[in-house]
Amino acid sequence: MSAFADRPAAIERRLGDPHEFIQILVGIRLRTVTDPESIRHLTWLSDIVAALALIQRRLPGEGSVDFAAYLDDVAAFWARSCADRGIRLEARGAKVEIPDGHVLPLAMILHELIANAVRHGFPDSQGGLITVLWAPTVDGVSLLVRDSGLGAGELAPRDGLSLVRGLAEHLGGAMTVETAPGAGAGVRIRLPLDTARTH
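Cut-offs used in this document
Residues numbered from 1 in each chain as written. Predicted model: local features only at pLDDT ≥ 70, side-chain atom pairs only at ≥ 80, totals over all residues. Heavy atoms only, no water. Pairing = 2+ DSSP bridges. Helix = DSSP H or I, 4+ residues; strand = E, 2+ residues; numbered from the N terminus. Axes fitted to C-alpha atoms, helices over the stretch in contact; angles between N-to-C directions. Contact = heavy atoms within 4.5 Å. Buried < 20%, exposed > 50% of the residue type's maximum accessible area, 1.4 Å probe, protein only. Arc of directions from axis to C-beta. Core = buried A, V, L, I, M, F, W, Y, C linked by side-chain atoms within 4.5 Å. Left-handed = near helix turned anticlockwise from the far one by under 90°. Salt bridge = Lys/Arg side-chain N within 4 Å of Asp/Glu carboxyl O. Phe/Tyr/Trp six-rings, centres within 6.5 Å; stacked < 30°, edge-to-face > 60°.

J.: Would you mind showing me how to read the sheet that holds strand E5 (residues 185-192) here?
T.: The strands that make up a sheet are held in pairs by hydrogen bonds between backbone atoms, and each pair lies either parallel or antiparallel. In space, the five strands of this open sheet follow the order E1-E2-E3-E5-E4, with mixed pairing throughout. Edge strands, defined here as strands with exactly one partner in the open sheet, are strand E1 (87-93) and strand E4 (174-179). Each strand of the sheet is rotated relative to its neighbour by a mean of 10°, with strand direction disregarded. Here eight bridges tie strand E3 (residues 140-147) to E5, and the two strands are oriented antiparallel to one another. Counterpart to Leu 143 in the pairing with E5 is Ile 189. Along the sheet, helix H4 (residues 67-81) contacts E1 and strand E2 (128-136); its crossing angle with E1, the most-contacted strand, is approximately 175°.

Set out below in structure tokens:
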């Protein structure tokens, strides 16, 4: 392992987890903020930092990131976050090697899709199921996040999807929405990979 690869771990040993510190700062700000829009943005920031912290723990010193294993971390995180709402999350995925430059955008995409499903698919404390599927395709990889909630047809446009679409296009991929009123909603991300290998 190179000295450069070990540098983040060395910094964390000396200064503590920076992601946790940012979440503490956001939590302090949330105690004094009353504006609903500000609360929404600060909560979003805290969740994003948590998502980045989860993927950071999966970054090896060398070799590719096991994004399928990261799905297990994400499922556990959202199970804790939604424990009092009756929302379950199931995640399944094959191990697919992805370029390093895809890792953080994919972590952000996954977080935004699950957050949107929780926020818009299950209003009024309605429970249900969110399914995450991560699988190889002929020329790349597919990420599907589907919920058993209301369906986007009965709601205003879901916030966060413009960010997801932009990140998918940044990676050379595309986003499609699969939904029907009363039948839940699904968002599929397809990304081309020049060298997609499964195990």
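J.: Teacher, can you tell me more about helix H6 (residues 161-170) here?
T.: Counting along an α-helix, one turn takes 3.6 residues, and residues three or four places apart therefore face a common direction. Buried residues of H6: Leu 161, Val 164, Leu 167 and Ala 168, and no others. With its buried residues spanning 125° around the axis, H6 presents them on a single face. The exposed residues of H6 that point more than 90 degrees off its buried face are Ser 162 and His 170. Each element contacted by the buried residues of H6 is listed here: helix H5 (100-121), E4 and E5. Where H6 terminates, the next one or two residues include Gly 172, which has phi positive at roughly 85°.

J.: Can you walk me through the nonpolar core in this structure?
T.: One broad rule of soluble globular proteins: the nonpolar side chains tend to lie buried together. Leu 110, Ile 114, Trp 134 and Ile 189 are the most contacted members of the largest nonpolar core, which totals 47 residues. At the level of elements, helix H3 (36-57), H4, E1, H5, E2, E3, H6 and E5 are the ones that each hand at least two residues to this core. Top contributing element to this core by residue count: H5, with 11 residues. Setting aside residues up to four positions removed in sequence, Trp 134 forms contacts with Phe 67, Ala 68, Leu 71, Arg 92, Gly 93, Ala 94, Val 96, Ile 98, Leu 106, Val 141, Ser 142 and Leu 143.

J.: Please clarify how the packing of H4 against H5 should be interpreted in this entry.
T.: The relative placement of two packed helices is expressed as an angle between their axes plus a distance between the axes. Their axes nearest at 12 Å, the elements H4 and H5 cross at an angle of 35°. When you trace H4 past H5, the crossing you get is right-handed. Contacts from Phe 67, Tyr 70, Leu 71, Val 74 and Trp 78 of H4 reach H5 at Val 103, Leu 106, Ala 107, Leu 110, His 111, Ile 114, Ala 115 and Val 118.

J.: Which parts of the structure should I look at to understand the pattern of salt bridges?
T.: Evaluated as defined, the whole model comprises four salt bridges. The partner of Arg 92 in a salt bridge is Glu 90, and the shortest N-O contact between them spans 4.0 Å. The partly exposed category is assigned to Glu 90, whose relative accessible area is 33%. A salt bridge links Glu 178 to Arg 188; the shortest N-O distance between them is 3.1 Å. Pair noted here: Glu 178 is in strand E4 and Arg 188 is in strand E5, with a separation of 10 residues, a long-range link. If you follow the salt bridges from partner to partner, you end up with Arg 88, Glu 90 and Arg 92 in one network.

J.: Sorry, what's going on with the packing of aromatic side chains here?
T.: Two numbers describe a pair of aromatic rings. These are the distance of the centres and the angle of the planes. The full count for this structure, using the stated rule, is three aromatic pairs. Arranged with centres 5.2 Å apart and planes meeting at 50°, the rings of Phe 67 and Tyr 70 form a pair that is tilted. Taken as a pair, Phe 67 and Tyr 70 lie in helix H4 at a separation of three residues, close to a single helical turn. On the basis of relative accessible area, Tyr 70 is assigned to the buried category, the value being 1%. With a centroid separation of 4.7 Å and an interplanar angle of 45°, the aromatic rings of Phe 67 and Trp 134 are classed as tilted. Here the residue Phe 67 occupies a position in helix H4, and Trp 134 occupies one in strand E2, the gap between them amounting to 67 residues. Residues Phe 67 and Trp 134 agree in their burial class; the two are buried. Three or more aromatic residues joined by ring pairs make a cluster, and in this case those are Phe 67, Tyr 70 and Trp 134.

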